[in-house]
Amino acid sequence: MDTAYARDVGGRAEQQDQASVLVARKGGAHLLLVADGMGGHQGGATASQTALKTAERLWDECAGRPADPADLLERIFHETHAALASAGSSLTSRPGTTLVLLFCDGQQAYWAHCGDSRLYHFEGTTLLRRTRDHTRVQHLVDAGMIGEDEMATHPQQNQLLQALGVIDPIHVDHGNATLTKESRFLLCSDGFWEQIRPDEMAALLDVDDLSERLPRMVAEAARRGGPSGDNVAAAALRPDTTPSRGDHRRRTILLGLLLLAALSILFWPLD
């Protein structure tokens, strides 16, 4: 799999977003994470870091080969929530974070999220689905009261209905899909999706060098956000498009055979 992740502090004084890609030592499985610490609560950076550390610990415990991927994702959410809950005696004093996760083993993809950090699933350049935000604005969209393109600038956009640490009980949404050669996934905080359109995301996921282009797109989201813009974080995954050694060898042999055929025709004796 071809993966990348990046962060930018944007217009904030502190980076409270986290992004990471964890890779299994054997088997090639990947776990992608984006967490957005809640700036309106104390310890947003600590909260998103707690989500990352919890994911790393549980990933190491199963060596990146979970018997039940969906259960692994659920455990990461609930153990992160429990750790954050123990850090404060009341909801208003706890650190909080959103969280979106993606597990891929090369054949299947499993994802889960809580809050308004999103996962976008493309097949080629076609957007198949995105996760549904746990926000008041998402309810307005679902009710047909506003359009999808109005979400980013709506005055109630930051009113979360679900988040780890600060809302009891938490509700985690899950999804899954069978991977194809055209599957592309993008995980991002609201600082990214509020500034970058889905068609731009699709173009990003189709470039030759994902690890070089994703940081540039994250920086562009921060630039568009301006001096008062949010933190930005994103992670991406797609099937590896780099030709294997076997592919190179077969291509070299085929070119050699074509060259021999061309030379044979060119120097074939004429009657």
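Keep in mind that this is a model prediction, so the values were computed, not measured. (Residues numbered from 1 in each chain as written. Predicted model: local features only at pLDDT ≥ 70, side-chain atom pairs only at ≥ 80, totals over all residues. Heavy atoms only, no water.)

**Section: the packing of helix 1 (residues 44–61) against helix 2 (residues 69–85)**
To keep things clear, this is the line we draw: Between the N-to-C directions of two axes lies an angle of 0 to 180 degrees, each axis being a line fitted to C-alpha atoms and, for a helix, fitted only over the stretch in contact. Numbering goes from the N terminus for both helices and strands, where a helix is a DSSP run of H or I of at least four residues and a strand is a run of E of at least two. Each angle receives one of four descriptions, namely roughly parallel if under 35 degrees, roughly antiparallel if over 145, roughly perpendicular if within 65 to 115, and oblique otherwise. Handedness of a helix crossing follows the sense of rotation of the near helix relative to the far helix, less than a right angle counterclockwise being left-handed and clockwise being right-handed. Note on contacts: a residue pair qualifies if any of its non-hydrogen atoms lie within 4.5 Å across the two residues. Residues are grouped as follows: nonpolar covers Ala, Val, Leu, Ile, Met, Phe, Trp, Tyr, Cys and Pro; charged covers Asp, Glu, Lys and Arg; every other residue, Gly included, is treated as polar.
Packing of helix 1 against helix 2 leaves a shortest axis separation of 9 Å and a crossing angle of 135°. Judged on the interaxial angle alone, helix 2 and helix 1 are oblique. Note that helix 1 runs across helix 2; the crossing there is right-handed. Between helix 1 and helix 2, the contacting residues are Ala47, Thr50, Ala51, Thr54, Ala55, Arg57, Leu58, Trp59 and Glu61 on the first element and Leu72, Arg75, Ile76, Glu79, Thr80, Ala83 and Leu84 on the second. Among the residues making up the contact of helix 1 with helix 2, the classes are represented as nine nonpolar, three polar and four charged.

**Some words on the pairing of strand 9 (residues 183–188)**
Cut-off, in case you're wondering: The rule is simple: take the accessible area with a 1.4 Å probe, protein chains only, and divide by the maximum for that residue type; under 20% is buried, over 50% is exposed, in between is partly exposed. In this description, strands pair whenever DSSP reports at least two bridges between them.
Most of strand 9 sits inside the fold, with six of its six residues counted as buried. Residues Ser183, Phe185 and Leu187 line one face of strand 9 and the alternating positions Arg184, Leu186 and Cys188 line the opposite face, and both faces are buried. The pairing of strand 6 (residues 118–123) with strand 9 spans six bridges and is classified as antiparallel. Each residue of the ladder has a partner; that of tyrosine 120, found in strand 9, is leucine 186. As paired strands, strand 9 and strand 10 (residues 232–238) are joined by four bridges and run antiparallel to one another. Residue pairing in the sheet places leucine 187 in a bridge with alanine 235 of strand 10.

**Remarks on helix 2**
Here is the rule we go by: How far a helix is expected to stretch is found by multiplying one less than its residue total by 1.5 Å. In this description, the arc belongs to the directions extending from the helix axis to the C-beta atoms.
Across its 17 residues, helix 2 extends 25 Å between first and last C-alpha, which sits within 8% of the 24 Å expected from 1.5 Å per residue. Among all positions in helix 2, only Pro69, Leu72, Leu73, Ile76, Phe77, Thr80, His81 and Leu84 are buried. Down the axis of helix 2, the sector holding all buried residues measures 170°, keeping them to one side. Next to the buried residues of helix 2 lie strand 3 (30–37), helix 1, strand 4 (97–104), strand 5 (108–114) and strand 8 (173–178).

**Focus: the pattern of salt bridges**
Stated formally: Any carboxyl oxygen of Asp or Glu within 4 Å of a side-chain nitrogen of Lys or Arg constitutes a salt bridge here.
Summed over all chains, the structure comprises 18 salt bridges. Residue arginine 94 is joined to aspartate 168 by a salt bridge in which the shortest nitrogen-to-oxygen separation is 3.1 Å. Remark: aspartate 168 occurs in the loop between helix 3 (136–142) and strand 8 and arginine 94 occurs in the loop between helix 2 and strand 4; sequence separation between them is 74 residues. Given the relative accessible area of 44%, aspartate 168 is considered partly exposed. Across the pair arginine 197 and glutamate 200 runs a salt bridge, and its minimum N-O distance is 3.6 Å. Given the relative accessible area of 44%, arginine 197 is considered partly exposed. A relative accessible area of 13% means that glutamate 200 is categorised as buried.

**Brief notes about the sheet that holds strand 5**
Pairing is antiparallel across the open sheet formed by five strands, whose spatial order is 2-3-4-5-8. Edge positions in the sheet fall to strand 2 (17–23) and strand 8, since each of these pairs with one other strand and no more. Each strand of the sheet is rotated relative to its neighbour by a mean of 10°, with strand direction disregarded. Helix-sheet contacts for helix 1 involve strand 2, strand 3 and strand 4, and the interaxial angle to strand 3 is about 165°.

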